[in-house]
Every structure is written in structure tokens, then in C-alpha cells.
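Below are the chains, spelled out letter by letter.
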Amino acid sequence: MLNSGETAAEPARNGAGRTPAEVLMGLVWGSTASAAVTAAAALGVADHLAGSPLSGAEVADRAGTDPDATRRLLRALAALGLVTEESPDRFALTEVGALLRSDVPGSYRAAAKVFGDETLWQGSRGMVHSVRTGEPALPHFLGAGLFDHLRRDAGAYAEFNDAMGQASRTVVPALVGHVDFTPFRTVVDIGGGDGTLLAGVLRAHPDVRGVVFDTAEGVAAAAATLGAAGVAERAEIRTGDFFAGVPAAGDLYVLKNILHDWETPDCARILTRCREAIAPQGRLMIVAQVLPDVAAPGQWVPSHLNDLTMLVNLGGRERTGAEYGALLEASGFALTGIDEVPGSGGFSVVHAVPGPSPAVR
Ligand SMILES: C[S@@+](CC[C@H](N)C(=O)[O-])C[C@H]1O[C@@H](n2cnc3c(N)ncnc32)[C@H](O)[C@@H]1O
């Protein structure tokens, strides 16, 4: 309690003018912001608003939702910058909100739906369990690992592939602009999913051929992606299990967002299969959000959050450069360099060449 004449000390404010309590509580409420965006994506709110501004009741009518609750969702989306409330109860999409439309090139609707949906949300609910034990929480809820769970539900696997393809939208053009793929004859994208990365590479390099390798469910949309990019005749789609073996055709092996899904011994198995397949003069590129050696405030946050996402959902992890170096060495590769990909949203390329053969795993 303050004595008369005393004034409370002004709390320090950060660069955005927020007090420590406001910063903390903003983070606490972050899960509700995420849930609101995911709900908007799931309910097709942006598609309904695409033609013209609408009232909450009009959106509800189109979405088949409760009018009052829908208006409250829209007001929250206005506060988050996805819509504007142009006049009372009249909502219009912003440039950010328009990314949730399903019918636009560059849509992020599937990504917003899947990365915040009930399945993956369960992993986050188990964060305390994961931090206590070091184990992924999601398999306790699903009764299976994430990929085994997806394999039981073709629709869910398709949505996951779509989300991964959409999440690559920023990364792939930046990667293709940054890495010179011209020295390679055949690029093999291990765990290449819907073919977004390979399509980007082949489109930019008419003399390069490629293979997208994934599970049968993982490549379900790859033919369509490669066809739409006009590169299908230079691309092969191969299915299999990267723990058992990978195609031996390539002089460049790319693994984007693969190793972070797995614990280190599993990563060593995948890399060892690549080492067995790769030509002596071949190259390996790991495209990943490489963690800095020391975490500092203000650094690119998604890589640290992704590290936790991998922990709770899969038992995987993001890694530092030194950790990638050790993993590569244990799997018969030698790290030759790591460079950040400008404009990619925090991705780097970890470059490696075949080194001494690893012990058989
Ligand atoms: C996180 S996604 C990354 C997809 C893509 N590389 C990207 O960055 O968008 C992981 C991929 O690994 C594939 N995958 C999982 N287990 C696999 C296995 N045992 N063999 C081959 N692919 C597998 C999944 O189907 C999925 O496409």
C-alpha cells in the first residue's frame, strides 16, 4: 500500500510501449489468438468476406454459425488485424486476413487450420508432461505417433500435406533464389511431401531433374503440384520408408523439415540411408531452422517455438549448427557450411558431403 504523497513507480515499457505485465499477459492470451485464427480458417470466414464487407449475422448465415458468437469472433479478429470493423458490425478483410481465403494463390488457410487444430493442439496441452519427462505428449492422446495416426486417416494426411506445402510458400522461392542448383543433375527431395520444393527447383532450373520421395500418403498430391508447375516430365515420384532406404538416383539430397521431426538416433538412421544412396561426389542439404548457440530476446522466435512443437508432438527437436555437425559426422557426412536463406522466415541450409562411411545402423 502507498503512503499518502507517494506515487507508484511507472513500470518500465518496452520498445512497443508495453509494461512487463502487458507483455506477459499478451503471451498468456496468445493461445486464444491462435484459436481464433484457426477457427476463422476452419469456418471459412475469409471466403465469406471475400466479396464484400458483411455483418456478423451475414457471416454467420453463410458459415452456419451462431450470429452473436460470430460477431464476437470477428471483433477479436479485428483486434488481431485480420479484419477491420469499418462501421459498427460491418467487417472487411485486411491483407493479412485475405491470406486465409482458400481460393487465392498463396493461401495459408490449410496451414492455419492444421497447425492450430484439435489434433496438434493436444500436443501443446501436454507441454508440462513433455518438459517433465522429455517425451512427446501427442502420442499419449492419439494412441500413436503423428505419422502413424495420419496414415489411418487419408483426409487428415491430405490436409497435413496441404498445410506443409503452404508453409513452404515463403521458404521455397527464397531457397531457389539463394542456392545454385545448376551443378546438379538429379535432386532427390527426401520426405518431399506434396512436391512444393521440387517443383520450385525444377521450374527455376530447366536442366535439372528430380525425385520426390515420401510415404504413399505423403506424395498423394505431388503429381498435381508438379503438373501445375509444368515440370512433371522431369520429375519422378517415389514412395517408401526413409528408415529402410532412399532412392539412389541423385547427386543432391535435400531434407527440408525432416530431421526436426525425429529423435537423434532416428535422424542418424535417415542420414545413414542417404549416405548409402549418395554418389561419392554427391551433396546433401538440410533445410532447417538452425538454432543459435545462445537464445537471446528479440531473436527469430518461431525456431524456438518450433523446437517445443517438435518436442510435444513428435519427440523431435530443432538443432544448433554444432548439433547438426555431430549428427552428420555420426552418419557418414561432413559438414561443409551453414548459411541463412534471406527472406525465408528463418531457414538455413546446412551443407554436407559424404565423409567416411558410418558404422552400420
Ligand atoms: C514435416 S513434413 C515435411 C514435408 C516437406 N519436406 C516440407 O518441408 O514441407 C515431414 C514429411 O516426412 C514424411 N515422412 C514421415 N515419415 C516418413 C517415412 N518413414 N518415410 C518417408 N517419408 C516420411 C511425411 O509424409 C511428411 O511429408
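Just so it is clear, the model here is predicted, and its values are computed rather than measured.

Brief notes about the domain arrangement of the chain
Line of reasoning, step 1. Under the domain assignment used here, the chain contains domain 1 (20-102) and domain 2 (162-354).
Line of reasoning, step 2. Measuring from the centre of the C-alpha atoms in domain 1 to the corresponding centre in domain 2 gives 34 Å.

Things to note about the nonpolar core
Line of reasoning, step 1. Judged by nonpolar contacts, the single largest core of 42 residues is most densely connected at I190, F242, L255, L259, L284 and I286.
Line of reasoning, step 2. Not counting residues up to four positions away in its chain, the partners in contact with I190 are F213, F242, V246, P247, Y253, V254, L255, I258 and C274.
Line of reasoning, step 3. Ranked by size, the runner-up nonpolar core spans 29 residues in total, among them V172, V201, V208 and V231.

Side note on the sheet that holds strand 6 (residues 252-256)
Line of reasoning, step 1. Pairing is mixed across the open sheet formed by seven strands, whose spatial order is 5-4-3-6-7-9-8. This sheet does not close on itself; its edge strands, each paired only once, are strand 5 (235-239) and strand 8 (333-340). Looking at each pair of strands side by side, their axes are set apart by 20° on average, direction ignored.
Line of reasoning, step 2. Where strand 8 and strand 9 (residues 348-354) come together, seven bridges link them in antiparallel fashion. Residue pairing across strands places A334 opposite V353, the latter belonging to strand 9.
Line of reasoning, step 3. Packing of helix 16 (residues 264-277) onto the sheet brings it into contact with strand 3 (186-190), strand 6, strand 7 (283-288), strand 8 and strand 9, and relative to strand 6 it is tilted by some 165°.

Here we look at a nonpolar patch on the surface
Line of reasoning, step 1. A surface patch of nonpolar side chains, amounting to about 430 Å² of accessible area, comprises L24, M25, V28 and W29.
Line of reasoning, step 2. Structurally, V28 can be placed in helix 1 (residues 20-28).
Line of reasoning, step 3. Classification of V28 by relative accessible area gives partly exposed; the value is 45%.

Focus on unusual backbone geometry
Line of reasoning, step 1. Positive phi, close to 60°, is recorded for D89, a residue that is not glycine.
Line of reasoning, step 2. Assignment of secondary structure puts D89 in the loop between strand 1 (83-87) and strand 2 (90-93).
Line of reasoning, step 3. On the basis of relative accessibility, which here comes to 22%, the residue D89 falls in the partly exposed class.
Line of reasoning, step 4. Positive phi, normally seen in glycine, also occurs at N257, with a value near 55°.
Line of reasoning, step 5. Structurally, the position occupied by N257 is in the loop between strand 6 and helix 16.
Line of reasoning, step 6. With relative accessibility at 15%, the residue N257 sits in the buried group.

Looking at the site of the ligand
Line of reasoning, step 1. Residues in close proximity to the ligand total 18 residues, the closest being Y157, G191, D214, D241 and K256.
Line of reasoning, step 2. Note that an oxygen atom of the ligand is positioned 2.6 Å from one of the side-chain N or O atoms of D214.
Line of reasoning, step 3. Contacts to the ligand include F242, whose backbone N or O atom sits 2.9 Å from a nitrogen atom.
Line of reasoning, step 4. In isolation the ligand has 590 Å² of accessible area, and contact with the protein removes 95% of it.
Line of reasoning, step 5. For the shell around the ligand, the class distribution of residues is seven nonpolar, seven polar and four charged.

Describing the environment of S31
Line of reasoning, step 1. Mapped onto the elements of the fold, S31 is located in helix 2 (residues 30-43).
Line of reasoning, step 2. Considering only alpha carbons, one finds S31 and G116, 85 residues apart in sequence, at a separation of 9.3 Å.

Scoring rules and cut-offs
- Residues numbered from 1 in each chain as written.
- Predicted model: local features only at pLDDT ≥ 70, side-chain atom pairs only at ≥ 80, totals over all residues.
- Heavy atoms only, no water.
- Domains from an automatic or database assignment.
- Core = buried A, V, L, I, M, F, W, Y, C linked by side-chain atoms within 4.5 Å.
- Buried < 20%, exposed > 50% of the residue type's maximum accessible area, 1.4 Å probe, protein only.
- Contact = heavy atoms within 4.5 Å.
- Pairing = 2+ DSSP bridges.
- Helix = DSSP H or I, 4+ residues; strand = E, 2+ residues; numbered from the N terminus.
- Axes fitted to C-alpha atoms, helices over the stretch in contact; angles between N-to-C directions.
- Patch = residues over 30% accessible without salt bridge, like charges linked within 9 Å, V, L, I, M, F, W, Y side chains within 5 Å.
- Areas by Shrake-Rupley, 256 points an atom, 1.4 Å probe, with all protein chains shown as cover.
- Salt bridge = Lys/Arg side-chain N within 4 Å of Asp/Glu carboxyl O.
- Near = heavy atom within 4 Å.
- Polar contact = N/O pair within 3.5 Å; in protein donor to acceptor, adjacent residues only side chain to side chain.
- Nonpolar A, V, L, I, M, F, W, Y, C, P; charged D, E, K, R; others polar.

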